[in-house]
Amino acid sequence: MRSGAVKNWFGSGNRAAALLWLLTVLVAAIGGVAGHRTVTDVYHGAVEHWLSGQDLYGGGFQYPPTFVLLFAPFHALPHAFGEYLWRGLSALLLAIGCWRLLGLQVTTPARRRRLFLWLSLPVLLTAFDAFRNGQANVLFGALTVLGACALAGRSGAAPRLNQAALLLTLACLIKPFGIVTMLLAVLAWPALAWRFAALILLGLALPYLTAPADYVDQQYRLMASHLAAMSHNPEARFADFNDLLRVLHLAVPPGWCLLLRAGAGLAFAWIWAWAW
């Protein structure tokens, strides 16, 4: 950052916000690591399975093989240090995303710092459990926000298509449902299509550099089967809007759920395209 930008960022409002982020993430991380309330054991296990040629899926792992490569550097570090670094890096990127998001509309440094402090409160409150558990959702959300900011530009600036494509592709390689964001982006910026295609192919090819091709092929097949099974699993309620209806003792059959999802997706895509 330029010296002026650094001076603007470290105003009184941002010093308070930085302290708030640091303390919240530190408390959450200590609670997760010391209290063993973490999902990163699944990520560590996946890296070990990859290195030993075992299947990735079946033990709670729900991510593409590329995610194993992204998490491998944290696995290679001393355990506690890697755990804190994973959470800290994810939180840092999320904070940067929030700061850049505000910068799209707020140009006065003092007001931007003040709003960042207030924005930090609901963000940290809702993300606390994810910080504690070390969930990849934080990194996924951070990359998505940063990608959106790159597309939106600032003060009439042209969208940074290459940067946005890289960020949104990384998000998709962490969690495959990031493909929804990519497809919506393509509706507004068609020039992203070939960038996304090239980066996705590159990301999917990277695992072949670290393991035998037949093993990688098998993991991709298992991933596809795993995701398909999850989409029809009535117990996967965290990913099912039908769970909202269960509160009212109602339920929509799986076939109708699929039609509703498809219809909602098409309707939202039409609204998005019309808005742009």
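Everything that follows concerns the structure shown earlier in this document.
What counts, and where the lines are drawn
- Residues numbered from 1 in each chain as written.
- Predicted model: local features only at pLDDT ≥ 70, side-chain atom pairs only at ≥ 80, totals over all residues.
- Heavy atoms only, no water.
- Phe/Tyr/Trp six-rings, centres within 6.5 Å; stacked < 30°, edge-to-face > 60°.
- Lys NZ or Arg CZ within 6 Å of the ring centre and 35° of its normal.
- Helix = DSSP H or I, 4+ residues; strand = E, 2+ residues; numbered from the N terminus.
- Contact = heavy atoms within 4.5 Å.
- Axes fitted to C-alpha atoms, helices over the stretch in contact; angles between N-to-C directions.
- Parallel < 35°, antiparallel > 145°, perpendicular 65-115°, else oblique.
- Nonpolar A, V, L, I, M, F, W, Y, C, P; charged D, E, K, R; others polar.
- Salt bridge = Lys/Arg side-chain N within 4 Å of Asp/Glu carboxyl O.
- Buried < 20%, exposed > 50% of the residue type's maximum accessible area, 1.4 Å probe, protein only.

Here we look at the packing of aromatic side chains
- Tallied over the entire structure, the rule returns 18 aromatic pairs.
- These aromatic residues form a ring-pair network of at least three members: Tyr43, Tyr57, Phe61, Tyr63, Phe67, Phe71, Phe74 and Trp86.
- When the ring centre of tryptophan 99 is taken as origin, the NZ or CZ atom of arginine 112, which lies over that ring, is 4.0 Å away.

Examining the environment of isoleucine 30
- Take isoleucine 30: it is sitting in helix H2 (residues 12–34).
- In this structure the C-alpha to C-alpha distance between isoleucine 30 and tyrosine 84, which are 54 residues apart in sequence, comes to 8.2 Å.
- Residues contacting isoleucine 30, with those up to four places away along its chain left out, are Gly35 and Tyr84.

Looking at the packing of helix H3 (residues 40–52) against helix H4 (residues 65–76)
- At a minimum axis separation of 9 Å, H3 and H4 run at an interaxial angle of 105°. In terms of orientation, H3 lies roughly perpendicular with respect to H4. Residue-level inspection shows Thr40, Tyr43, His44, Ala46, Val47, Glu48 and Trp50 of H3 in contact with H4, the latter providing Pro65, Phe67, Val68, Leu69, Phe71, Ala72, Phe74 and His75.
- Tallied by class, residues from the contact of H3 with H4 come to 11 nonpolar, three polar and one charged.

Regarding the pattern of salt bridges
- Per the counting criterion, the structure on display carries two salt bridges.
- Taking the shortest distance from any N to any O, the salt bridge between glutamate 83 and arginine 87 comes out at 2.9 Å. Of the two residues, glutamate 83 and arginine 87 both sit in helix H5 (residues 79–103), four residues apart, roughly one turn of that helix. Here glutamate 83 matches arginine 87 in class, with each residue buried.
- Ionic pairing is found between aspartate 129 and arginine 132, a salt bridge with its closest N-O pair at 3.5 Å. A residue pair is termed a helical-turn pair when its members lie 3 or 4 positions apart in one helix, as aspartate 129 and arginine 132 do in helix H6 (residues 109–133) at three residues.
- A relative accessible area of 41% places aspartate 129 in the partly exposed class.
- Accessibility expressed as a relative area gives 13% for arginine 132, which makes it buried.

Spatial relationships are all this shows, so hold off on functional conclusions.
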